[in-house]
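# A look at the structure
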Amino acid sequence: MEYINISGRRLLELINSLLDLSKIEAGMLEIHQEPTIPSTVLKFMVNHLRPLLDKKGLEVSFILPEEDRTAYLDAGKLQQVWVNLIGNAIKFTPDGGHIEVGFTLKGDDAHAVLEGWVRDSGIGIEPADIERIFQPFVQGEGGLTREFGGTGLGLTLVRRLLEIQGGSIRVESKPGTGSLFAFTLPVQMVAAEGEVGIPLLEGQGEKVESQLLMEVVDEDLPELVELPVILIVDDDKARAAAVSSLLREEGYLGEMTDLGHVELLAEEKCPFLIIVGIPDDPVDIYRQLHLLRSRKATRHIPLVLLGGNAESPSFSLGTVDTMDKQVTRNDLVNLISRHGRQIQHAPSMTVLVIDDEPSVREYIRECLRGQGYRLLLAANGRDGIQAAIEHDPDLIILDLMMPGISGFEVVEELKRHPTACDIPVVIFSAKDLTREEVMRLGQEVEKVLTKGATSRSDLLRELRSMELLYPVQARLMDSVLRCYNLRYRQLRLAQECNRAERYGQTFSLVGWQMDYYDAYVKKYGQHWGVAALKEIVELVNSVTREGDVLVRSGEASFMLILTGTAQSVAERVAEKLRLRIRIHKFPLAGGKTGNFTASFGCVQFGIGAFSPEDLLRQLNALMAFAMKSGGDRCICSEVGES
């Protein structure tokens with residue numbers, strides 16, 4: 001079995017090398033440059049080859065730049081260069097020998113050059129063989145092929161990989177004195193940015209060498225639609241302005257107006273809530289409430305009473321509900337969500353990165369830039385624990401080897417905390433975990449990623465997977481209707497398409513738009529429109545399987561992801577839902593009921609659509625055609641077909 005395993009590995013290495021060489025010669029090898037820490041890649045490759053080094057008792061020394069820097073380069077190609085050069089040094093160095101590996105970075109950030117080398121105390125190379133060893137299937141003379149084995153492709157591949165990226169390699173060697181393989185590789189450095197410190201906890205006592213303790217990275221996320229509107233009717237303009245600013249921070253548009261214009265503005269803006277300032281004369285509040293309740297445009301809109309001043313406004317829910325004054329911001333957001341509608345912001349997930357290496361924090365920042373994440377960057381374990389407790393992130397990326405408090409201790413401390421114990425933790429470390437360390441981590445972490453071997457795409461893929469496992473923490477749930485939101489749809493569709501392509505499985509989508517929802521809301525008010533949508537969610541959950549996924553894809557549109565389902569079955573599901581919606585009685589004020597119809601479409605993966613974009617484009621076209629044809633119908637074939 002051992003011989004079979006060894007032979008299989010050799011054959012696999014040969015095939016991979018031949019494929020890489022063929023791609024290079026055909027001009028089809030792709031270079032994927034990503035923010036990478038060269039020293040981390042080198043250390044990882046040495047650790048990867050550690051069993052071979054220990055078997056021969058070889059000593060390895062590193063010569064690295066004083067400061068770790070992040071550069072744009074292809075980490076996979078650099079790994080191939082290092083593994084071939086270090087592997088050759090191990091192969092041709094006698095037991096008990098010495099190997100030196102290292103690199104330097106020269107030049108400015110825009111035109112830097114990585115100069116790497118591997119020096120061994122091995123058997124050396126004859127001068128006549130120095131150029132020959134870079135030819136395919138050739139090794140040095142003197143029976144080296146028979147004695148040391150190998151395919152003779154490693155150095156050929158190294159030279160080609162370097163040359164295609166604008167680099168080069170040279171050799172210095174004499175028989176019996178060892179060899180030096182040195183290479184150059186042009187790179188562009190990632191510009192470092194300053195970090196902002198935060199104050200330490202009282203009584204922390206322990207001094208930290210760097211004052212760059214934690215940084216918060218916020219991205220400006222695009223708004224998907226207009227913000228939900230709240231009207232503020234208040235004679236105290238300073239107080240009204242303060243509340244409007246507070247609402248804006250929480251994702252709402254606070255429009256200030258007076259009692260004379262509130263009806264006109266309510267018809268124009270369709271607010272879902274009105275905040276009424278309590279006047280100096282308490283008797284006036286009854287007159288204002290009576291006027292708002294007697295006017296058609298505002299009679300069904302929930303009212304919130306506003307007291308206090310600009311510095312400390314206080315709220316109570318008047319005729320709708322009751323709440324103590326001096327409520328906190330969280331209380332205000334909660335009461336608004338009870339009576340409001342979905343906040344249509346692109347959701348963001350907060351990721352806390354705890355690592356003492358600035359270059360690693362910068363690497364992760366570059367990996368996640370533009371992906372919609374909010375980052376907290378902590379430079380040591382103690383500040384990481386503090387940030388986790390104070391900011392309640394959705395995910396923690398944690399290094400294990402840190403001064404002061406190790407990653408193991410951070411995990412143990414967090415798991416003892418009543419709220420932080422539920423935050424998922426992903427280990428991101430260059431450390432080779434022993435069996436005891438794996439047992440120590442146990443089930444407390446979700447994933448262990450290796451520095452140097454984890455590319456940007458790997459990191460993003462793992463984060464997306466974590467989001468799907470923790471949809472509530474990752475802001476993938478619609479806060480009003482309690483079904484999945486647009487961001488979850490994007491992630492889940494990509495996952496289903498990959499699964500379908502890989503395993504030959506299929507799935508279908510059923511989508512629908514509530515017919516004339518805007519007219520319904522205008523007639524009965526936003527509150528009853530949201531109530532109808534909640535009824536829709538309950539209807540769908542009552543007739544679908546547990547594994548089916550319901551997504552709110554717009555203000556009044558939905559989509560079902562039916563896994564393992566052919567289009568013929570999806571059509572029956574769509575027709576059943578269409579009939580249920582048509583006959584259902586939706587609640588209105590005073591015990592009355594309203595009616596709805598919906599326009600449906602359904603598509604199947606593999607029938608003219610092989611990507612999330614194709615599926616959504618086809619589904620939206622079918623729904624639009626159903627709506628254009630009068631609504632209350634289901635279209636499940638290509639537009640234009642019978």
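Residues numbered from 1 in each chain as written. Predicted model: local features only at pLDDT ≥ 70, side-chain atom pairs only at ≥ 80, totals over all residues. Heavy atoms only, no water.

## Points about the overall build of the protein chain
A count of helices and strands for the protein chain gives 20 helices and 25 strands. The proportion of buried residues among the 642 residues of the protein chain is 48%. Residue pairs at least 24 apart in sequence account for 68% of intrachain contacts in the protein chain once pairs closer than 6 positions are excluded. Taken as a whole, the protein chain presents about 31700 Å² of accessible surface, with 51% of it coming from carbon and sulfur. (Helix = DSSP H or I, 4+ residues; strand = E, 2+ residues; numbered from the N terminus. Buried < 20%, exposed > 50% of the residue type's maximum accessible area, 1.4 Å probe, protein only. Contact = heavy atoms within 4.5 Å. Areas by Shrake-Rupley, 256 points an atom, 1.4 Å probe, with all protein chains shown as cover.)

## Brief notes about helix H19 (residues 567–583)
In this model H19 runs 25 Å from its N-terminal to its C-terminal C-alpha over 17 residues, within 8% of the 24 Å that 1.5 Å per residue would give. Turning to H19, its buried residues number three or more, namely Gln567, Ala570, Ala574, Leu577, Arg578 and Ile581. Along the long axis of H19, the arc covered by the buried residues comes to 105 degrees, so they all point the same way. Opposite the buried face of H19, at more than 90 degrees from it, the exposed residues are Arg572 and Ile583. Packing partners of the buried residues in H19 comprise strand E19 (507–514), helix H18 (526–543), strand E21 (557–563), strand E22 (586–587), strand E24 (598–604) and strand E25 (634–635). (Expected span 1.5 Å × (residues − 1). Arc of directions from axis to C-beta.)

## Details of a negative patch on the surface
A grouping of Asp235, Asp236, Asp258, Asp280 and Asp281 is seen on the molecular surface, where their side chains present a negatively charged patch. With respect to the helices and strands, Asp236 occurs in the loop between strand E9 (229–233) and helix H7 (237–249). When its relative accessible area of 31% is taken as the criterion, Asp236 is described as partly exposed. (Patch = residues over 30% accessible without salt bridge, like charges linked within 9 Å, V, L, I, M, F, W, Y side chains within 5 Å. Salt bridge = Lys/Arg side-chain N within 4 Å of Asp/Glu carboxyl O. Lys, Arg positive; Asp, Glu negative; His and termini not counted. Charge placed at Lys NZ, Arg CZ, Asp CG, Glu CD.)

## Quick notes on the packing of aromatic side chains
A full pass over the atoms with the stated rule returns nine aromatic pairs. Clustering of aromatic rings is evident, with ring pairs tying together Tyr517, Tyr520, Tyr524, Phe586 and Phe596. (Phe/Tyr/Trp six-rings, centres within 6.5 Å; stacked < 30°, edge-to-face > 60°.)

## Notes on the pairing of strand E14 (residues 349–354)
For E14, the tally of buried residues reaches six of six residues, placing the bulk of the element in the interior. Residues Met349, Val351 and Val353 point to one face of E14 and Thr350, Leu352 and Ile354 to the other, with burial holding for every one of them. Relative to strand E16 (residues 395–398), E14 runs parallel, the two sharing four bridges. Across the sheet, the residue bridging to Val353 is Ile397, located in E16. (Pairing = 2+ DSSP bridges.)

## A few points about a nonpolar patch on the surface
The grouping of Leu11, Ile15 and Leu19 at the surface amounts to a nonpolar patch, some 270 Å² of accessible area in total. Among the structural elements, Ile15 can be located in helix H1 (residues 2–25).

## Describing the state of the cysteines
Cysteine pairs can be linked by a disulfide, which is a covalent bond between their two sulfur atoms. For the structure shown, the criterion picks out one disulfide. Residue pairing for Cys602: its cysteine sulfur links by disulfide to Cys636, the two sulfurs lying 2.1 Å apart. Around the S-S axis, the bridge from Cys602 to Cys636 shows a dihedral of about 130 degrees and counts as right-handed. Separated by 34 residues along the polypeptide, Cys602 in strand E24 and Cys636 in the segment after E25 bring together distant segments of the chain. For Cys636, a relative accessible area of 13% gives the class buried. No disulfide involves Cys634; its sulfur sits 3.2 Å from that of Cys636, the nearest cysteine. (Disulfide = S-S within 2.5 Å.)

## Re helix H2 (residues 38–48)
Think of an α-helix as turning once every 3.6 residues; residues three or four places apart then point the same way. Burial of H2 is extensive: eight of the eleven residues sit out of reach of the surface. Those residues of H2 that sit buried are Pro38, Ser39, Thr40, Val41, Leu42, Phe44, Met45 and Val46.

## Concerning the nonpolar core
With 38 residues, the main nonpolar core has Trp82, Leu85, Ile86, Phe181 and Phe183 as its most contacted residues. Mapped onto this core, the elements with two or more residues apiece are H2, strand E3 (71–73), helix H4 (75–92), strand E4 (98–106), strand E5 (112–120), helix H6 (154–164), strand E6 (168–174) and strand E7 (178–189). A per-element tally of this core places H4 first, with seven residues. Setting aside anything within four residues of it in sequence, one finds Leu85 in contact with Val118, Leu155, Val158, Ile169, Phe181 and Phe183. Residues Val510, Leu539, Phe586 and Leu588 belong to the second largest nonpolar core, which totals 34 residues. (Core = buried A, V, L, I, M, F, W, Y, C linked by side-chain atoms within 4.5 Å.)

## Considering the confidence of the model for the protein chain
Overall, the prediction assigns the protein chain a mean pLDDT of 76, with 75% of residues at 70 or greater. Counting contacts from residues 317–327, a segment whose pLDDT is below 50, to residues more than four positions away or on other chains yields 29 contacts. Across residues 335–347, confidence stays below pLDDT 50; counting only partners more than four residues off in sequence or on other chains, it has 51 contacts. (pLDDT = per-residue confidence, 0-100.)

## With respect to empty space enclosed by the protein
Throughout the structure, instances matching the rule amount to one cavity of 30 Å³ or more. Taken as a whole, the largest cavity spans an internal volume of roughly 30 Å³. Surrounding the largest cavity, Pro38, Ser39, Pro65, Glu67, Asp68, Arg69, Phe103 and Leu105 form its lining. (1 Å grid on protein atoms, 1.4 Å probe; cavity = no way out; pocket = protein on both sides within 12 Å on 5 of 7 lines; lining within 4 Å. Points joined across faces, edges and corners; volume = space filled by probe spheres on them.)

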